[in-house]
Amino acid sequence: MTEYLVKNGFVFDPVTGLKGDKADVAIKNGKIVETSELSKKHKTVDAHGKTVMAGALEVHAHVAGPKVNEGRNFRPEDKLQTPYMKGKGIQRMAGGWSIPTTYKTGYTYAKMGYTTVMEAAMPPLYARHVHEEMRDTPIIDEGAFPVFGNNWFVMEYLKNHEIENTAAYISWLLRATKGFAVKIVNPGGTEAWGWGLNCLQVKDPVPYFDITPEEIIKGLIEANEYLGLPHSIHIHGNNLGNPGNYTTTLDTLKLAQGYKPKGKFGRDQVMHHTHIQFHSYGGDKWANFESKAREVADYVNKHKNITIDVGFVTLDETTTMTADGPFEHHLCELNHLKWANVDVELETAAGVVPYVYSPDIFVCGVQWAIGLELALLSKDPMRCYITTDHPNAGPFSRYPRIWKWLMSAKAREEQIKAFKNSDKVTSQSELAGIDRELSLYEIAAMTRAGPAKALGLSHMYGGLKPGLDADVAIYNFNPEKDDAGKMIEDAITNAYYVFKTGVPVVVDGEIASHGNKRTLWVDAKVKENPQVIRDIHDKFIKYYTVNEGNYEVVGHHYVPNPFAIEVEASH
Ligand SMILES: [Zn+2]
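Residues numbered from 1 in each chain as written. Predicted model: local features only at pLDDT ≥ 70, side-chain atom pairs only at ≥ 80, totals over all residues. Heavy atoms only, no water.

### Focus: the overall build of the chain
Phase 1: Counting secondary structure elements, the chain contains 17 helices and 24 strands.
Phase 2: Taken over the C-alpha trace, the chain has a radius of gyration of 22 Å; the compact-globule value for 571 residues is 25 Å, and the two agree within 12%.
Phase 3: Classification of the 571 residues of the chain by burial places 65% in the buried group.
Phase 4: Within the chain, contacts between residues at least 6 apart in sequence are counted, and of these 78% link residues at least 24 apart.
Phase 5: Surface accessibility of the chain: about 20400 Å² in total, with carbon and sulfur atoms responsible for 51%. (Helix = DSSP H or I, 4+ residues; strand = E, 2+ residues; numbered from the N terminus. Rg over C-alpha atoms; globule rule 2.2 N^0.38 Å. Buried < 20%, exposed > 50% of the residue type's maximum accessible area, 1.4 Å probe, protein only. Contact = heavy atoms within 4.5 Å. Areas by Shrake-Rupley, 256 points an atom, 1.4 Å probe, with all protein chains shown as cover.)

### Observations regarding the side chain of Glu347
Phase 1: Among the secondary structure elements, Glu347 is positioned in the loop between strand S16 (340–344) and strand S17 (348–356).
Phase 2: Within polar-contact distance, the side chain of Glu347 engages the side chain of Tyr544 at 2.4 Å. (Polar contact = N/O pair within 3.5 Å; in protein donor to acceptor, adjacent residues only side chain to side chain.)

### Concerning the coordination of the zinc ion
Phase 1: Listed as protein donors to the zinc ion are His60 (NE2), His62 (NE2) and Asp389 (OD); their distances from the metal cover 2.1 Å.
Phase 2: Residue classification places His60 among the buried residues on the basis of a relative accessible area of 0%.
Phase 3: Classification of Asp389 as buried rests on a relative accessible area of 3%. (Donors = N, O, S within 2.8 Å, 3.2 Å for Na, K, Ca; no water.)

### Observations regarding the packing of aromatic side chains
Phase 1: The tally for this structure, following the rule as stated, stands at 25 aromatic pairs.
Phase 2: In textbook terms, an aromatic cluster arises when at least three aromatic residues are bridged by ring pairs, as seen for Phe148, Phe153, Tyr169, Trp172, Phe540, Tyr544 and Tyr551.
Phase 3: One cation-aromatic arrangement involves Lys338 over Phe74; the distance from NZ or CZ to the ring centre is 5.0 Å.
Phase 4: It is Lys539 that lies over the ring of Phe153; its NZ or CZ is 5.2 Å from the centre. (Phe/Tyr/Trp six-rings, centres within 6.5 Å; stacked < 30°, edge-to-face > 60°. Lys NZ or Arg CZ within 6 Å of the ring centre and 35° of its normal.)

### Some points on the sheet that holds S16
Phase 1: If you trace the 3 strands from one edge of the open sheet to the other, you get S15-S17-S16, paired in antiparallel fashion. The outermost strands of the open sheet, each flanked by one partner alone, are strand S15 (317–322) and S16. Sheet twist, expressed as the mean angle between neighbouring strand axes with direction ignored, is 15°.
Phase 2: Where S16 meets S17, 5 bridges bridge the pair, whose relative direction is antiparallel. Residue pairing in the sheet places Val344 in a bridge with Thr348 of S17.
Phase 3: Against the sheet, helix H1 (residues 66–74) makes contact with S15, S16 and S17, and its axis sits at roughly 40° relative to S17, the strand it touches most. (Pairing = 2+ DSSP bridges. Axes fitted to C-alpha atoms, helices over the stretch in contact; angles between N-to-C directions.)

### Here's the deal with the layout of surface pockets
Phase 1: Approximately 440 Å³ is the volume attributed to the largest pocket.
Phase 2: Lining the largest pocket are 24 residues, and of these Trp97, Lys104, Thr108, Ser397 and Thr493 sit closest to its centre.
Phase 3: Counting residues per element, the ones that place at least two in the lining of the largest pocket are helix H2 (102–111), helix H12 (399–407) and helix H16 (484–493).
Phase 4: Among the elements that take part in the lining of the largest pocket, H2 stands out by supplying 4 residues, more than any other.
Phase 5: Among the residues making up the lining of the largest pocket, the classes are represented as 10 nonpolar, 8 polar and 6 charged.
Phase 6: Space inside the second largest pocket adds up to approximately 360 Å³.
Phase 7: Considering the residues around the second largest pocket, the lining is formed by 26 residues, among which Phe327, Leu331, Tyr355, Tyr357 and Gln367 are closest to the centre.
Phase 8: Elements supplying a minimum of two residues to the lining of the second largest pocket: strand S9 (183–185), S15, helix H10 (325–335) and helix H11 (362–377). (1 Å grid on protein atoms, 1.4 Å probe; cavity = no way out; pocket = protein on both sides within 12 Å on 5 of 7 lines; lining within 4 Å. Points joined across faces, edges and corners; volume = space filled by probe spheres on them. Nonpolar A, V, L, I, M, F, W, Y, C, P; charged D, E, K, R; others polar.)

### A few points about the sheet that holds strand S10 (residues 233–236)
Phase 1: The strand order across the open sheet built from 5 strands is S9-S10-S11-S14-S18, with neighbouring strands paired in parallel fashion. Both edges of this open sheet fall to S9 and strand S18 (384–385), since each of them pairs with a single strand only.
Phase 2: Judged from the 3 bridges that link them, S10 and strand S11 (residues 271–273) form a sheet pairing that is parallel. Note that in S11 the partner of Ile235 across the bridge is His273.
Phase 3: Relative to S10, helix H7 (residues 213–227) is tilted by about 160°, and along the sheet it contacts S9, S10 and S11.

### Points about the nonpolar core
Phase 1: Core analysis: the largest hydrophobic core is formed by 152 residues, its most contacted members being Tyr109, Tyr169, Phe180, Leu220, Trp368 and Leu406.
Phase 2: Sort the elements by how many residues they give to this core and H11 lands first, with 12 residues.
Phase 3: Dropping the residues within four chain positions of it, Trp368 is found in contact with Val313, Leu315, Trp405, Arg412, Gln415, Ile416, Phe419 and Leu431. (Core = buried A, V, L, I, M, F, W, Y, C linked by side-chain atoms within 4.5 Å.)

### A closer look at the packing of H12 against H16
Angle between the axes and distance between the axes: these two values describe a pair of packed helices.
Phase 1: Axis separation between H12 and H16 bottoms out at 8 Å; the angle between their running directions is 155°. Here H12 lies roughly antiparallel to H16, going by the angle between them. Relative to H16, the crossing made by H12 is right-handed. For the pair formed by H12 and H16, the contact residues are Pro400, Arg401, Trp403, Lys404 and Met407 on the first element and Ala484, Gly485, Ile488, Glu489, Ile492 and Thr493 on the second. (Parallel < 35°, antiparallel > 145°, perpendicular 65-115°, else oblique. Left-handed = near helix turned anticlockwise from the far one by under 90°.)

### A few points about the pattern of salt bridges
Phase 1: All chains considered together, the criterion is met by 31 salt bridges.
Phase 2: Among the charged side chains, a network of salt bridges with common partners joins Lys31, Asp141, Asp469, Asp471, Lys500 and Arg518. (Salt bridge = Lys/Arg side-chain N within 4 Å of Asp/Glu carboxyl O.)

### Some words on the environment of Ser232
Phase 1: Note that Ser232 resides in the loop between H7 and S10.
Phase 2: On a C-alpha basis, the gap between Ser232 and Pro213 in space is 17 Å, while along the polypeptide they are 19 residues apart.
Phase 3: Within the structure, Ser232 has its side chain in polar contact with the side chain of Gln269 (distance 3.0 Å).
Phase 4: A polar atom in the side chain of Ser232 sits 3.3 Å from the backbone nitrogen of His272.

### Some details on the pairing of strand S14 (residues 306–309)
Along any regular strand the residues' side chains alternate between the sheet's two faces.
Phase 1: Residues Ile306 and Ile308 of S14 are buried on one face, and the alternating residues Thr307 and Asp309, pointing to the opposite face, are buried as well.
Phase 2: Sheet topology note: the S11/S14 ladder contains 3 bridges and is parallel. Within the sheet, the bridge partner assigned to His272 lies in S14 and is Thr307.

### Here we look at the side chain of Lys50
Phase 1: One can find Lys50 in the loop between strand S4 (43–46) and strand S5 (51–54).
Phase 2: Salt bridges are absent for the buried Lys50, whose nearest opposite-charge side chain, Asp508, sits at 7.0 Å.
Phase 3: In contact with Lys50, other than residues within four places in its own chain, are Gly9, Phe10, Ile474, Tyr475, Asn476, Phe477 and Tyr496. (Lys, Arg positive; Asp, Glu negative; His and termini not counted.)

### Details of a nonpolar patch on the surface
Phase 1: Taken together, the side chains of Trp195, Leu197 and Tyr208 make up a nonpolar region of the molecular surface, amounting to roughly 400 Å² of accessible area.
Phase 2: As for its placement among the helices and strands, Trp195 is situated in the loop between helix H6 (189–193) and H7.
Phase 3: Taking relative accessible area as the criterion, Trp195 reaches 52% and is therefore assigned exposed. (Patch = residues over 30% accessible without salt bridge, like charges linked within 9 Å, V, L, I, M, F, W, Y side chains within 5 Å.)

### Digging into helix H17 (residues 530–542)
Phase 1: The end-to-end C-alpha distance of H17, which contains 13 residues, comes to 18 Å, matching closely the 18 Å that a straight helix rising 1.5 Å per residue would cover.
Phase 2: By the burial criterion, the buried members of H17 are Val532, Ile536, Lys539 and Phe540. Down the axis of H17, the buried side of the element spans an arc of 100°, and every buried residue falls inside it. Away from its buried face by more than 90 degrees, H17 exposes Pro530, Ile541 and Lys542.
Phase 3: Structurally, H17 contributes buried residues whose contacts are with helix H4 (152–159) and helix H5 (163–177). (Expected span 1.5 Å × (residues − 1). Arc of directions from axis to C-beta.)

This is the structure we're talking about:
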């Protein structure tokens, strides 16, 4: 493999503590190495006057599987927003805006310097489809989170607080689906939706199962830590998207109290709360809708065993999609656009509804402000990550614009002025009064070092320390001269150079290689549990419409380049 020396860039890397220092980064055999380890044959990439960071990690996006594909089928008009185009070099045809094709997904992430992406909600029964799409997505390493929060096995075990059985089931399901982490979506509420109901509060009962969201969440934290998985539970809480829901969010976050992370992966959190922007709303109706970002950020700041990602609203037309089935029905009643709903037997459900975050609607402006407030009020960028819950709050391709808003108070001010109801956006949020501008070092923590740590992958990704994977992004942005408000968006949209495990995949803003993408999954070993094996067998015979043999994700076809993270439950 070719060796490279990335020379003389301004390096931002929380892992090694470089805060824009001029430094060299050496790459050999797919890893970061000391510069002294390079042979004379190495190639040099001149990064003079440019920004250098590790490859970025996506902690939460919907980029593969039946729900995403349903969105593509259901919204052919989405493709009209961007032309199909063939790039220079080796790039294949790619299209779509909020629900891009698999190729466009890989290309767009890579061009922004992203090298690892987590698909945030894999319905276990359709894991094969998720893997087929991930396999088809070039360049980026990917993993997927199977959903557990409305799963019949989980609810039956946790009703009796059977943590060991829950852990054994998680271990089985992660292996069966080649999944990476425990995802929870509207715990209990999606199952209740099967009865036309919902769980809006953590103490609301789930019909038939005689359990509450609180018991599901705490039980899954305990099972997750019993196993010592790389990532913590990853939760989309109850009551998403409703005025006044911040109290539900605080109730949910409080469930992490008293728990400590276990296992060898070095994360500090026991709960990752995702797209918390959608969960930080005040008021009791849309007319008096307001931000409660400060209340939520204050709580997160004080509790180190919680991490969050934001779910920034980007003010675009997009496609919402979530396993929160009842929410999508509610949303379609609000906006009167089309609605798709899918049930996944025994496990979960999903809905899809188009959405326009219009700058002319005051609620959308306040949602935009709440996202930025959450990030700007967060004291620890290692625990707060940049997402749009793609495509729910906007397409991930808008990340560079979010950098601009976070780095430039002037850029935020210009957007506030552009709102039709700028007075109301200002009165219902405190964004206009916040002058903090994030540094590239802080943004590197929010997009690299922080997510790598929270995912339990800091031994592979997120930094430029020798021994880590050589995932490196170089951007045409001179932090000493260039104005972030004017130039950062273009610089991040089309990186100058991106390496994925030591291979240049983007060169001068163009795709240079399809890379050698891997699928990350977690192989968690527990001691044999005959009861759980019997329960699984019984449920397949009694209820599932497929048999066990047709359920598991096995073989080269689905996961051609697997990367298993081994976990041994230490009990
Ligand atoms: Zn999501």
